[in-house]
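Per-entry structural report
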Amino acid sequence: MKLTRRMMAATLGMALATGLALPAAAQDARADLSKASVIEQIKENGVIKIGLSVFVPWSMRDKKGDLIGFELDVGRKLAADMGVDAEFIPTAWDGIIPALVSGKFDVIISGMSVTPERNLTVNFSDPYAYSGLTIMANTAMTKGMALEDYNKKEVTFAARRGATPATVIQQLFPEATLLLFDEDGAATQEVLNGNAHATMMSEPSPSDAARQYPETISVPFDQTFLATGEGFAYRKGDPDATNFFNNWIAVNWKNGWLKERNDYWFKGNAWADQVDQ
């Protein structure tokens, strides 16, 4: 009888110990997750470091050399809602994902299209913007050309190295020659100078160029390619960041702020006098 009581007491003690250990383990696991969360790191540091690449009208330099654009508005509001400062780190597009992975900044907010290929290396939030690609062509060089005529080896495209348009051009027009540059502006200049037949860019850049250079540039097709969404990119294995970024984006879609800022930068040109044309 005494032995049975001792065994029962020992069993009860083990159960109590296990019961106490589980909450402690859960607390430790939660602490580890919080420690790994970029959101917690941002709160602790008091600043969110945002990687971006300069291209109109997502992000660009005004006449004073300061960064302005849709991404800057998004990044500053995101920082304000988190109660931290925003630090923007301009980075060449072809190196922006490696820079994120290496910890140079906390998140990419730079009009980056969500693609399965990129998703192998980084995580994405839900889309905070939607834009498609259109063809911007040298009018004289492409006069009378149908869409299928662009897929010929004698046709030259220009695009920004590492950007989505370069990938789409290679997929849709594999026979064409593709020239790669570090900036969208250089690709546009090649089309203007007659060194390339066309490029592909997100609106409103093609339509803006056609209005600015009506004798040289045109948007020959009323067709949008790859109208997917653009998301925040951040390091993998961070469910806390996914939860926060997605909630922030959802709220700012619902309250109209993202749409209002998107319409300002992409559907109008009230900001045009702030930058050199």
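The coordinates are above.
Rules and cut-offs
Every chain begins its residue count from 1, and numbering advances along the sequence as written. Side-chain atom pairs in this predicted model are given and counted only at pLDDT of 80 or more, local residue features only at pLDDT of at least 70, and totals for whole chains, interfaces and linings cover all residues. In computing side-chain values, all of the structure's heavy atoms are included and hydrogens and water are not. Residues grouped as a nonpolar core are buried Ala, Val, Leu, Ile, Met, Phe, Trp, Tyr and Cys residues, joined through side-chain atoms within 4.5 Å. Only protein chains enter the accessibility calculation, which uses a 1.4 Å probe. A residue is then buried if its area is under 20% of the maximum for its type, exposed if over 50%, and partly exposed in between. In DSSP terms, a helix is any run of H or I states spanning at least four residues, a strand is any run of E spanning at least two, and both are numbered starting from the N terminus. The contact definition used throughout considers only heavy atoms, calling two residues in contact when any of these lie within 4.5 Å. Only protein atoms enter the 1 Å grid used here, on which a cavity is any set of points holding a 1.4 Å probe that cannot leave and a pocket is any open set flanked by protein within 12 Å on both sides along at least five of seven lines; residues with an atom within 4 Å of a point are listed as lining. Grid points are joined across faces, edges and corners, and a volume is the space filled by probe spheres set on the points. Note: two strands are recorded as paired if DSSP finds a minimum of 2 bridges between them. To obtain an axis, a line is fitted to C-alpha atoms, over the contacting stretch when the element is a helix, and the angle between two such axes runs from 0 to 180 degrees between their N-to-C directions. The aromatic pairing rule takes the rings of Phe, Tyr and Trp, using the six-membered ring of Trp, and pairs them if the centres are within 6.5 Å, calling planes under 30 degrees apart stacked, those over 60 edge-to-face and the rest tilted. Charge-over-ring contacts are defined here by two conditions on Lys NZ or Arg CZ: a distance within 6 Å of the ring centre and an angle within 35 degrees of the ring normal. Directions are taken from the helix axis to each C-beta atom, and the arc is the one they span. Counted as a polar contact is a pair of N or O atoms within 3.5 Å, where, for protein atoms, one must be capable of donating a hydrogen and the other of accepting one, and residues adjacent in sequence contribute only when both atoms are in side chains. Each reported salt bridge corresponds to a side-chain nitrogen of Lys or Arg within 4 Å of a carboxyl oxygen of Asp or Glu. Lys, Arg, Asp and Glu make up the charged group, whereas Ala, Val, Leu, Ile, Met, Phe, Trp, Tyr, Cys and Pro make up the nonpolar group; the residues left over, Gly among them, are polar.

**Focus: the nonpolar core**
If you look at the biggest cluster of nonpolar residues, it comprises 49 residues, and the most contacted ones within it are Ile-48, Phe-70, Val-74, Tyr-128 and Phe-232. At six residues, the largest contribution of residues to this core is made by helix H3 (residues 70-82). In contact with Phe-70, other than residues within four places in its own chain, are Pro-57, Trp-58, Tyr-128, Ala-129, Leu-258, Arg-261, Asn-262, Trp-265 and Phe-266. In this structure, Leu-133, Ala-166, Val-168 and Phe-225 belong to the second largest nonpolar core, which totals 17 residues.

**Focus on empty space enclosed by the protein**
In this structure the tally under the stated criterion is one cavity of 30 Å³ or more. Size it by volume and the largest cavity reaches roughly 210 Å³. Around the largest cavity, the lining comprises 23 residues; the ones closest to its centre are Phe-55, Leu-133, Arg-160, Pro-165 and Ser-202. It is strand E10 (residues 198-202) that contributes the most residues to the lining of the largest cavity, three residues altogether.

**Some remarks on the pairing of strand E7 (residues 133-138)**
Taking burial as the measure, the six residues of E7 include six buried ones, the bulk of the element. Alignment of E7 against E10, held across five bridges, turns out to be antiparallel. Following the sheet pairing, Ile-135 is matched in E10 by Met-200.

**Focus on the sheet that holds strand E9 (residues 177-181)**
Strand order in the open sheet formed by five strands is E9-E8-E10-E7-E11, with mixed pairing between adjacent strands. With one partner strand each, in any of the chains shown, E9 and strand E11 (217-218) form the two edges of the open sheet. Here helix H6 (residues 164-172) sits on the sheet in contact with E7, strand E8 (156-160), E9 and E10, set at roughly 150° to E8.

**Thoughts on the packing of aromatic side chains**
Evaluation of the coordinates by the stated rule reveals 19 aromatic pairs. Judged by centre distance (6.0 Å) and plane angle (10°), the ring pair of Phe-70 and Tyr-128 falls under stacked. Here the residue Phe-70 occupies a position in helix H3, and Tyr-128 occupies one in strand E6 (residues 123-130), the gap between them amounting to 58 residues. Residues Phe-70 and Tyr-128 agree in their burial class; the two are buried. When the centroid spacing of 5.3 Å and the interplanar angle of 55° are considered together, the rings of Tyr-234 and Phe-245 count as tilted. Here Phe-245 lies in helix H9 (residues 239-254) and Tyr-234 lies in strand E12 (residues 229-234), a separation of eleven residues in the sequence. You'll find Tyr-234 and Phe-245 in the same group, each marked buried. Here the aromatic cluster, defined as three or more aromatic residues joined through ring pairs, consists of Phe-55, Trp-58, Phe-70, Trp-93, Tyr-128, Phe-232, Tyr-234, Phe-244, Phe-245, Trp-248, Trp-257 and Phe-266. The aromatic ring of Trp-93 is capped on one face by Arg-160, whose charged end is 4.6 Å from the ring centroid. Above the plane of the ring of Tyr-264 lies Arg-261, whose end atom (NZ or CZ) is 4.6 Å from the centre.

**What about helix H2 (residues 38-45)?**
Taken residue by residue, H2 has Val-38, Ile-39 and Ile-42 as its buried positions. Down the axis of H2, the buried set is contained in an arc of 105°. They therefore lie on one face. Among the residues of H2, the N-terminal cap falls to Ser-37, whose side-chain oxygen and the backbone nitrogen of Ile-39 are separated by 3.1 Å. Count one or two residues on from H2 and you reach Gly-46, which has phi positive near 80°.

**What about the pattern of salt bridges?**
For the coordinates displayed, the defined rule picks out eight salt bridges. With a shortest N-O distance of 3.4 Å, Lys-77 and Asp-81 are connected by a salt bridge. In this pair, Lys-77 and Asp-81 are both assigned in helix H3, four residues apart and thus about one turn of the helix distant. You can call Asp-81 partly exposed: its relative accessible area is 43%. We note a salt bridge from Asp-208 to Arg-211, for which the minimum N-O separation is 2.2 Å. One end of the pair is Asp-208 and the other is Arg-211, both in helix H8 (residues 205-212) and three residues apart, which spans about a single turn. Look at Arg-211 and you get exposed, because its relative accessible area is 56%.

**A short note on the layout of surface pockets**
Taken as a whole, the second largest pocket holds about 400 Å³ of empty space. Contributing to the lining of the second largest pocket are 19 residues, with Thr-115, Glu-117, Arg-118, Gly-162 and Thr-167 lying nearest its centre. Listed by contribution, the elements that provide at least two residues to the lining of the second largest pocket are helix H4 (96-101), helix H5 (116-119) and H6. Among the elements that line the lining of the second largest pocket, the one with the most residues is H6, at four residues. For the lining of the second largest pocket, the class distribution of residues is nine nonpolar, seven polar and three charged.

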